[in-house]
Amino acid sequence: MYSIKFKNATIIDGTGNKPYLADVAVSGNKIGKIGNVQERADREIDVKGQILCPGFIDMHSHSDLDIMKRSMEHRVRQGVTTELIGQDGLSIAPLAPGRENLVRENVAPFLGQLTGPWDWTDYTSYLNKIQTNPLKNNVLALVGHGTIRTAVMGFTSSAPSNSELDSMREVLKDCIKAGAHGMSLGLIYPPCSYADTGELIELAKILSQYDAVLVSHMRNEMDKLLESVTEMITIAREARVRIHISHLKAYGVENWGKAKKALDLIDRGIAEGLQITFDQNSYNAGNTFLKACVPGWAYEGGEDAFQKRLRDPKRYAAIKKDTTALFNARGGKDRILLCSIESVKYKKYEGKLFSDITQDMGGDPVDIVLDMLRDSRSQALAIYFIISEDEIKTIMKHPSYTVGSDGLVGNVPHPRAYGAFPRVIAKYVYEEQTLSVENAIMHMTQKPASVLQLKDRGIVKESNVADIVVFDPKTIKDMSTYQNPRLYPTGINYVIINGEIVIDNGGYVAGCHSGMLLKKPLQA
């Protein structure tokens, strides 16, 4: 007898093949049988008219601390059964004695805070910490380059000495051996941004030894987008490492039109034999630190050093000059929205554009930005409305495309935290007809599974792990908006993770924690 049987399903199996009708039976944590299943099951569910597909795999998640403190309802209601954390060079391990606070303060705007202690040190103890928590969905982890660099060098902008580079190599090896699937880069964020290409190549060679992946928020997604893609191709070529580019886009109105050129560069690299993939979230606004408007040099030495520079009139003038250029490049006051800030003074402006904030307060918007960073110790996030809708469609049509939510759950979340995956299906399949439904699902399931080398997930087939989503093609829709982002999607009626139901007829099963930590198998 089977545990669950879905009857009369329209199956889209994740391979890109056309849909077909069949029953799907689950036995334990595996898909036991597909076809005309006559055997009985403990639970039989008729899903006639609904699509059954593999669980969605999120290639860019910031749930590092959320998995320890939140229900993750906003994730599984999207159909996300597996997610990749440790992004943008900002993992929360390893931690070096005396430098823990540098990491905590650096990641806090993205990841938030824990009420309890950070009771781990190296990557092994961190993964053990994850495993002690009941997990709602499956988790894979990257180690952040910035966190490794902080452990070895602190927040200095200098190039590593030979001994420091050797130490970073050894730390990276230890992390991969512990189970990290690769290393992430956040090359606009200090201290990652202090690394030159040579440093990255040397560390990428370690990843190549273990067939681990390098996942990169590139150095510049704006005026130097093409140079940044070229840097990734250089690293792939020199280190023979698999490259995955995070949230590929051309950022800023003046850079619209560069996405196709970036894809052409990627195609040339692939034609050369390099392994290059990327992810995208399908929204016309990005979401990151407010301090991304500040030049990286201003943060050398960490948050305390930045605060000291703000108090020095000459240094403040230099910071303001460079911040003005970056603030305008990121859209300026009419396209930048404050979404989260740890400041009593500025809390009332969450959810407001800087044009509205400036009108209310008076003064220069860049002075306001810097005062916000002063008052909150840089604990602030913003949304930047500077991505082309046409280029979103261009990027998602590429064979190397996968989906990454990049969802930050701040005080006013970006809607992608609640709706990234159903949005692809509702908007770009059924409304815009940019992708076929079987192609869209392939890019959310089988394609990311292949990048992450998950051999028994990402395809609906017998003996694979039963990570399954069932949705109604007539009602699936992302409901979250910039004005009201904490709305769950509709139409996702069943989500199965490792053979257990976590969304049941549209309802959230609070007591079910069937997720797992999926460590990278050691291959070297």
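Refer to the preceding data block for the structure.
Remember, predicted model here, so these are calculated numbers, not experimental data.

A.B. asks: Whenever I open this one, the overall build of the protein confuses me. Can you help?
C.D. replies: The number of helices and strands found in the protein is 17 helices and 22 strands. Scaling as 2.2 N^0.38, a compact globule of 524 residues should have a C-alpha radius of gyration of about 24 Å, and the protein matches this with 23 Å. Once the C-alpha set of the protein is aligned to its principal axes, its extents read approximately 80 × 55 × 50 Å. Every one of the 524 residues in the protein was classed for burial, and the buried ones make up 62%. If you take every contact in the protein between residues at least 6 apart in sequence, the share linking residues at least 24 apart comes to 77%. Accessible area for the protein stands at about 18800 Å²; split by element, carbon and sulfur atoms hold 48% of it.

A.B. asks: Can you help me understand the pattern of salt bridges in this one?
C.D. replies: Any two side chains of opposite charge can pair, so long as their charged atoms come close to each other. Applying the stated rule across the entire model yields 34 salt bridges. The closest approach of N and O atoms between Arg219 and Glu231, which form a salt bridge, is 2.8 Å. Of the two residues, Arg219 sits in the loop between strand E11 (213-217) and helix H8 (225-239) while Glu231 sits in helix H8, which places them 12 residues apart along the sequence. On the basis of relative accessible area, Arg219 is assigned to the partly exposed category, the value being 26%. Exposure remark for Glu231: the relative accessible area of 9% places this residue in the buried category. One connected set of salt bridges, linked through shared partners, spans Lys5, Lys7, Arg40 and Glu44.

A.B. asks: Help me understand helix H4 (residues 123-132), please; the structure alone is not making it clear to me.
C.D. replies: Residues spaced three or four apart along an α-helix face the same direction, because each turn holds 3.6 residues. Within the sequence span of H4, burial applies to Tyr123, Tyr126, Leu127 and Ile130. Buried residues in H4, looked at end-on, bunch into an arc of 95°, giving them a common side. Contact partners of the buried residues in H4: helix H1 (66-69), strand E7 (80-85), strand E8 (138-141), strand E9 (143-144) and helix H6 (162-178).

A.B. asks: For this particular structure, what's the right way to read the side chain of Gln307?
C.D. replies: Looking at the secondary structure, you find Gln307 in helix H10 (residues 303-310). A polar side-chain atom of Gln307 sits 2.7 Å from a polar atom in the side chain of Glu303. A polar contact is formed between the side chain of Gln307 and the backbone oxygen of Leu373, at a distance of 3.2 Å. Excluding its chain neighbours within four sequence positions, the residues that come into contact with Gln307 are Leu373, Arg374, Arg377 and Ser378.

A.B. asks: Just checking my understanding: could you explain the sheet that holds strand E6 (residues 56-58) for this structure?
C.D. replies: Hydrogen bonds along the backbone pair up the strands of a sheet, which may run parallel or antiparallel. With parallel pairing, the 3 strands of this open sheet are ordered in space as E6-E7-E8. Each edge of the open sheet carries a strand with a single partner, namely E6 and E8. Averaged over all pairs of adjacent strands, the angle between their axes in this sheet comes to 15°, without regard to strand direction. The sheet contact formed by E6 and E7 spans 3 bridges and is parallel. Across the sheet, residue Asp58 finds its bridge partner in E7, namely Glu83.

A.B. asks: Explanation requested: helix H13 (residues 365-376) in the structure shown.
C.D. replies: An ideal rise of 1.5 Å per residue puts 16 Å on 12 residues; H13 measures up with 16 Å between its terminal C-alpha atoms. Buried within H13 are the following residues: Pro365, Val366, Ile368, Val369, Leu370, Asp371, Met372, Leu373 and Ser376. Looking at the buried side of H13, the elements it contacts are H10, helix H11 (313-329), strand E15 (336-341), helix H12 (354-361) and strand E17 (380-384). Between a side-chain oxygen at the N-terminus of H13 and the backbone nitrogen of Val366 the separation is 2.7 Å; the capping residue is Asp364. At the C-terminal side of H13, Arg377 shows a positive phi close to 55°.

A.B. asks: Please explain the packing of H8 against helix H9 (residues 258-271) as it appears in this structure.
C.D. replies: For any two helices packed against each other, the geometry comes down to the angle between their axes and how far apart the axes lie. Between H8 and H9, whose axes approach to 9 Å, the crossing angle comes to 15°. The angle between the axes of H8 and H9 places the two elements in the roughly parallel class. Between H8 and H9 lies a crossing of right-handed hand. For the pair H8 and H9, the contacting residues are Leu225, Leu226, Val229, Thr230 and Ile233 in the first and Lys258, Lys261, Ala262, Leu265 and Ile266 in the second. Grouping the constituent residues of the contact of H8 with H9 by class yields 7 nonpolar, 1 polar and 2 charged.

A.B. asks: For this particular structure, what's the right way to read the sheet that holds strand E13 (residues 276-280)?
C.D. replies: Spatially, the 6 strands line up as an open sheet ordered E9-E10-E11-E12-E13-E18, and their pairing is parallel. The open sheet terminates on both sides in strands that have one partner only, identified here as E9 and strand E18 (401-403). Pairing of E11 with strand E12 (residues 242-245), which is carried by 4 bridges, proceeds in the parallel orientation. The partner of Val215 across the bridge, within E12, is His244.

A.B. asks: What is the right way to read the side chain of Asp467 from this model?
C.D. replies: As for its placement among the helices and strands, Asp467 is situated in the loop between helix H17 (446-451) and strand E19 (468-471). Judged by its relative accessible area of 7%, Asp467 is buried. If we ignore the near neighbours within four places in the chain, the residues touching Asp467 are Cys53, Pro54, Gly55, Thr81, Thr82, Asn138, Arg457, Ile496, Ile497 and Asn498.

A.B. asks: It is not clear to me how the pairing of E17 should be interpreted in this structure. Could you clarify?
C.D. replies: The element E17 is largely enclosed, with a buried count of 5 among its 5 residues. Judged by which residues are buried, E17 turns out to be covered on both faces: Ala380, Ala382 and Tyr384 on one side and Leu381 and Ile383 on the other are all buried. The pairing of strand E14 (residues 286-289) with E17 spans 4 bridges and is antiparallel. Bridging across to E17, Phe289 finds its partner in Leu381. Direction of pairing for E15 relative to E17: antiparallel, over a ladder of 5 bridges. Across the sheet, the residue bridging to Leu337 is Ile383, located in E17.

A.B. asks: Honestly, the packing of aromatic side chains in this entry has me stumped. Any pointers?
C.D. replies: In this description, an aromatic ring pair is defined by two values, namely the gap between the centres and the angle between the planes. A complete count under the given rule lists 14 aromatic pairs for this structure. By way of ring pairs, the aromatic residues Trp118, Trp120, Tyr123 and Tyr126 are connected into one cluster. Its end group placed over the ring of Tyr488, Arg77 keeps NZ or CZ at 5.0 Å from the ring centre. The ring of Tyr428 carries Lys427 above its face, with NZ or CZ at 5.4 Å from the centroid.

A.B. asks: Teacher, can you tell me more about the nonpolar core here?
C.D. replies: Across soluble globular proteins, you tend to see nonpolar side chains buried next to one another. Tyr123, Tyr126, Leu290, Phe354 and Phe471 are the most contacted members of the largest nonpolar core, which totals 145 residues. Top contributing element to this core by residue count: H8, with 7 residues. Of all hydrophobic cores here, the second largest spans 19 residues; its members include Ile11, Val47, Val470 and Tyr494.

The rules behind each value
Residues numbered from 1 in each chain as written. Predicted model: local features only at pLDDT ≥ 70, side-chain atom pairs only at ≥ 80, totals over all residues. Heavy atoms only, no water. Helix = DSSP H or I, 4+ residues; strand = E, 2+ residues; numbered from the N terminus. Rg over C-alpha atoms; globule rule 2.2 N^0.38 Å. Buried < 20%, exposed > 50% of the residue type's maximum accessible area, 1.4 Å probe, protein only. Contact = heavy atoms within 4.5 Å. Areas by Shrake-Rupley, 256 points an atom, 1.4 Å probe, with all protein chains shown as cover. Salt bridge = Lys/Arg side-chain N within 4 Å of Asp/Glu carboxyl O. Arc of directions from axis to C-beta. Polar contact = N/O pair within 3.5 Å; in protein donor to acceptor, adjacent residues only side chain to side chain. Pairing = 2+ DSSP bridges. Axes fitted to C-alpha atoms, helices over the stretch in contact; angles between N-to-C directions. Expected span 1.5 Å × (residues − 1). Parallel < 35°, antiparallel > 145°, perpendicular 65-115°, else oblique. Left-handed = near helix turned anticlockwise from the far one by under 90°. Nonpolar A, V, L, I, M, F, W, Y, C, P; charged D, E, K, R; others polar. Phe/Tyr/Trp six-rings, centres within 6.5 Å; stacked < 30°, edge-to-face > 60°. Lys NZ or Arg CZ within 6 Å of the ring centre and 35° of its normal. Core = buried A, V, L, I, M, F, W, Y, C linked by side-chain atoms within 4.5 Å.

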